[in-house]
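One letter stands for each residue in the lines below.
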Amino acid sequence: MTSIDYSFFGEYVQTVQHRAQVLYENAIGNSSIQSDLTITCLEELRVAVEELQVAEEELQQQNEVLVAAQSTIDTERQRYQDLFEFAPDAYIVSDLYGVVREANRAATALLNISHHYLINKPLVNFVADSHRSGFRAVLSQLTTIHRIQEWELPMCGRKSEPFEAAITVQAVCDRHGKSISLRWLIRDITTRKQTEAKLQETQLQNLELVEADRLKDQFMATISHELRTPMTAILGFSQLLQKRIEPLEDPQIESMVERIVRNSKHLLSLIEELLDFSKLKARRLELNPLTFSLNQLAIETVHELQSLSDQKGLALQIDCDNPNVSLFNDPVRVRQVIINLLSNAIKFTDEGQVTLGFWELPEGRIMIAVQDTGMGIDLKDQENIFQEFWQIHQGSTRKNQGTGLGLAIVRALVELMQGSITIDSQVGQGTTFRIELPRNVRV
């Protein structure tokens, strides 16, 4: 579209108008040539010239509008060309047979070929050999289906490595709805496909781990249950045999029976730990809350473990600011938590003392603390201390016959009782475990 120069036309109209005006004035002033017909013709000529001048002004205005529209169209065409040329993805325009007619820079880079050589090349040349027949079949249907989105197939640029492509192709139609060309968007999704494959592999591994963990928990629960019944019988008969042996009758037999009883109790406690852990993992352990005296429970627990501390020459004591603290909670599970922490403290303390303390806190909460003067725990190990089967020192744990489940069970029980547990420890300076519990557990 080009603008029309109306300057010459305007000057010509003005000249004609001027001459018509002169003739009109001469006709009126010269009586020799004056006649009604002549004057009428000249008047009509003058009016026609004026109308012609008005038409010329309107044409000039229309021309200015056309010039502005042409400028807008040129700007939009350039913007479209820039968007096409500098788009991050490969854009190609082809005929209905897939022969390239236009291509942007990303397309030439992706296919590793210069723009000059890419034009008029069939796009099928860049499709992997094993997929070319399928490509041609889809190409022949595009005039009917008009659009395909995210069509994945392997492609290969000129003298370059194959890549996985995601293609979106759209048929361009004329005003009658007839397909006249094809527009292609081609994206390299090799990295995405590799990531998806790795993610799928990871998910599969996670499923396998979850299944293995489930089977492990099921095995632990089953075997622990099966072991507890005969172990209880062994302990019961051993204690009965111990009562029937006369003191000093046979010191060797008495010692053997005592060892059987002691080891039976230890094995039974380990089996109970495994059962509790299995129930906690499966969320099948429920609280049986009662109102009880925390001080009385602490005294009984310390008395039960007194012999262990005496064997190592350790002082085992209670520290509290109010002996009349009562709780509404599960006394069996609170006692289990305290015994676990006290037993650990005694195991890993060679000299000094172990202290069980409890204090009232604001907002209806209480704190229970177990403090020792033992070997302590390194800061880097403290974040792992509550993981199941995790042990700080294999040698120490094996020497003390631990399972690595005690602290994991403690944390799970504390959380079940709607509380929290923290640790404060330094190597060589002892360890303190602090537990916060509600005085009245919600059920």
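Shown above is the structure to which this text applies.
Because the structure is a prediction, the values reported are computed rather than measured.

1. Considerations on the sheet that holds strand β11 (residues 420-425)
Right, on to step 1. One open sheet accounts for five strands, arranged β7-β9-β10-β12-β11; its pairing is mixed. Edge positions in the sheet fall to β7 (315-320) and β11, since each has one partner strand and no second. Mean inter-strand twist for the sheet, computed between neighbouring axes without regard to direction, equals 15 degrees.
Right, on to step 2. Pairing of β11 with strand β12 (residues 431-438) involves six bridges; the strand directions are antiparallel. Within the sheet, the bridge partner assigned to serine 425 lies in β12 and is threonine 431.
Right, on to step 3. Strands β7, β9 (353-361), β10 (365-372) and β12 of the sheet are contacted by helix α9 (residues 331-347), whose axis makes an angle of about 20 degrees with β10.
Right, on to step 4. With respect to the sheet, helix α12 (residues 406-416) is in contact with β11 and β12, its orientation differing from that of β11 by roughly 140 degrees.

2. A few points about α12
Right, on to step 1. Every buried residue of α12 is listed here: Gly406, Leu407, Ala408, Ile409, Val410, Leu413 and Val414.
Right, on to step 2. Structurally, α12 contributes buried residues whose contacts are with α7 (251-281), α9, β11 and β12.
Right, on to step 3. Once α12 ends, the next one or two residues include glutamine 418, with phi positive near 65 degrees.

3. Some remarks on a nonpolar patch on the surface
Right, on to step 1. A cluster of nonpolar side chains, contributed by Phe219, Ile223 and Leu227, occupies part of the molecular surface with about 280 Å² of accessible area.
Right, on to step 2. For leucine 227, the location among the structural elements is in helix α6 (residues 190-244).
Right, on to step 3. Relative accessible area serves as the criterion here: at 42%, leucine 227 is assigned to the partly exposed category.

4. As for the packing of helix α8 (residues 294-311) against α9
Two quantities define a packed helix pair, namely the angle between the axes and the distance from one axis to the other.
Right, on to step 1. Where α8 contacts α9, the axes come no closer than 10 Å and their chain directions differ by 35 degrees. Like other packed secondary-structure pairs, α8 and α9 cross with a definite hand, here right-handed. Between α8 and α9, the residues in contact are Leu294, Leu297, Thr301, Val302, Glu304, Leu305, Leu308 and Ser309 and Pro331, Val334, Arg335, Ile338, Ile339, Leu342, Ser343 and Ile346, respectively.
Right, on to step 2. Split into classes, the residues belonging to the contact of α8 with α9 amount to eleven nonpolar, three polar and two charged.

5. Overview of the environment of arginine 262
Right, on to step 1. Secondary-structure assignment places arginine 262 in helix α7.
Right, on to step 2. On the basis of relative accessibility, which here comes to 48%, the residue arginine 262 falls in the partly exposed class.

6. Examining the sheet that holds strand β5 (residues 179-188)
Right, on to step 1. Overall, antiparallel pairing links the five strands, which are arranged β2-β1-β5-β4-β3 in an open sheet. Across the chains shown, the open sheet's two edge strands, defined by having one partner strand only, are β2 (100-103) and β3 (147-156). Direction aside, neighbouring strands of the sheet carry axes that sit 30 degrees apart on average.
Right, on to step 2. One ladder, built from nine bridges, connects strand β4 (residues 162-173) with β5; its direction is antiparallel. When the sheet's bridge partners are listed, isoleucine 167 is paired in β5 with isoleucine 186.
Right, on to step 3. Running over the sheet, helix α5 (residues 132-145) touches β3, β4 and β5 and is turned about 160 degrees from β3.

7. What to know about the packing of aromatic side chains
Right, on to step 1. The full count for this structure, using the stated rule, is three aromatic pairs.
Right, on to step 2. Measuring from ring centre to ring centre gives 5.7 Å for phenylalanine 135 and tryptophan 184, while their planes differ by 20 degrees; the resulting arrangement is stacked. Within this pair, whereas phenylalanine 135 is found in helix α5, its partner tryptophan 184 is found in strand β5, the two being separated by 49 residues in sequence. Grouping residues by exposure puts phenylalanine 135 and tryptophan 184 together as buried.

8. Things to note about the pattern of salt bridges
Two side chains that carry opposite charge are able to pair once their charged atoms sit near each other.
Right, on to step 1. Using the criterion set out here, one finds 13 salt bridges in the structure.
Right, on to step 2. Among the salt bridges present, the one from arginine 101 reaches aspartate 95, with a minimum N-O distance of 3.1 Å.
Right, on to step 3. One salt bridge in this structure joins aspartate 350 and lysine 312, with 3.5 Å as the shortest N-O distance. With aspartate 350 in the loop between α9 and β9 and lysine 312 in the loop between α8 and β7, this pair connects stretches of sequence that are 38 residues apart.
Right, on to step 4. Classification of lysine 312 by relative accessible area gives partly exposed; the value is 29%.
Right, on to step 5. What you see here is one network of salt bridges that share partners, running through Glu152, Arg192, Lys193 and Glu196.

9. Some details on the pairing of β10
Right, on to step 1. Extensive coverage of β10 is indicated by the burial of six of its eight residues.
Right, on to step 2. Counting the residues between successive antiparallel strands, the hairpin from β9 to β10 contains three residues, one of them, glutamate 363, with a positive phi of roughly 60 degrees.
Right, on to step 3. Strand direction decides the pairing type here: β10 and β12, joined by seven bridges, are antiparallel. What sits directly across from glutamine 371, in β12, is threonine 432.

10. So, the environment of leucine 267
Right, on to step 1. Within the fold, leucine 267 resides in helix α7.
Right, on to step 2. Between the alpha carbons of leucine 267 and arginine 228 there is a distance of 9.0 Å; along the sequence they are 39 residues apart.

11. Remarks on the side chain of threonine 431
Right, on to step 1. Structurally, the position occupied by threonine 431 is in strand β12.
Right, on to step 2. On the basis of relative accessibility, which here comes to 5%, the residue threonine 431 falls in the buried class.
Right, on to step 3. In this structure threonine 431 touches Val370, Gln371, Asp372, Gly376, Ile377, Ile423, Asp424 and Ser425, once residues within four positions along its chain are discounted.

What counts, and at which threshold
Note that residues are indexed from 1 along each chain, following the sequence as it is written. Confidence filtering applies because this is a predicted model: local features only for residues at pLDDT of at least 70, side-chain atom pairs given and counted only at 80 or more, and all residues used for totals across whole chains, interfaces and linings. Computation of side-chain values covers all heavy atoms of the structure but excludes hydrogens and water. The pairing criterion for strands is at least two bridges between them, as found by DSSP. The numbering of helices and of strands both runs from the N terminus, where a helix is a DSSP run of H or I of at least 4 residues and a strand a run of E of at least 2. Simply put, an axis is a line fit to the C-alpha atoms, just over the touching stretch for a helix, and the angle between two N-to-C directions goes from 0 to 180 degrees. By definition, residues are in contact when any of their heavy atoms lie within 4.5 Å. We call a residue buried when its accessible area falls under 20% of the maximum for its residue type, exposed when it is over 50%, and partly exposed in between, using a 1.4 Å probe and counting protein chains only. A patch consists of residues exposed above 30% relative accessible area that lack any salt bridge, with like charges linked at up to 9 Å and nonpolar side chains (Val, Leu, Ile, Met, Phe, Trp, Tyr) linked at up to 5 Å. Accessible surface is estimated by sampling points in the Shrake-Rupley manner with a 1.4 Å probe; for residues, cover comes only from the protein chains shown. Each salt bridge in this description consists of a side-chain nitrogen of Lys or Arg and a carboxyl oxygen of Asp or Glu lying within 4 Å of one another. Less than a right angle of anticlockwise turn of the near helix away from the far helix marks a crossing as left-handed, whereas a clockwise turn marks it as right-handed. Residues are grouped as follows: Ala, Val, Leu, Ile, Met, Phe, Trp, Tyr, Cys and Pro are nonpolar; Asp, Glu, Lys and Arg are charged; every other residue, Gly included, is polar. Two rings from Phe, Tyr or Trp (for Trp, the six-membered ring) form a pair when their centres are within 6.5 Å of each other. A pair whose planes differ by under 30 degrees is stacked, one over 60 is edge-to-face, and the rest are tilted.

By themselves, these are just geometric observations and shouldn't be taken as functional.
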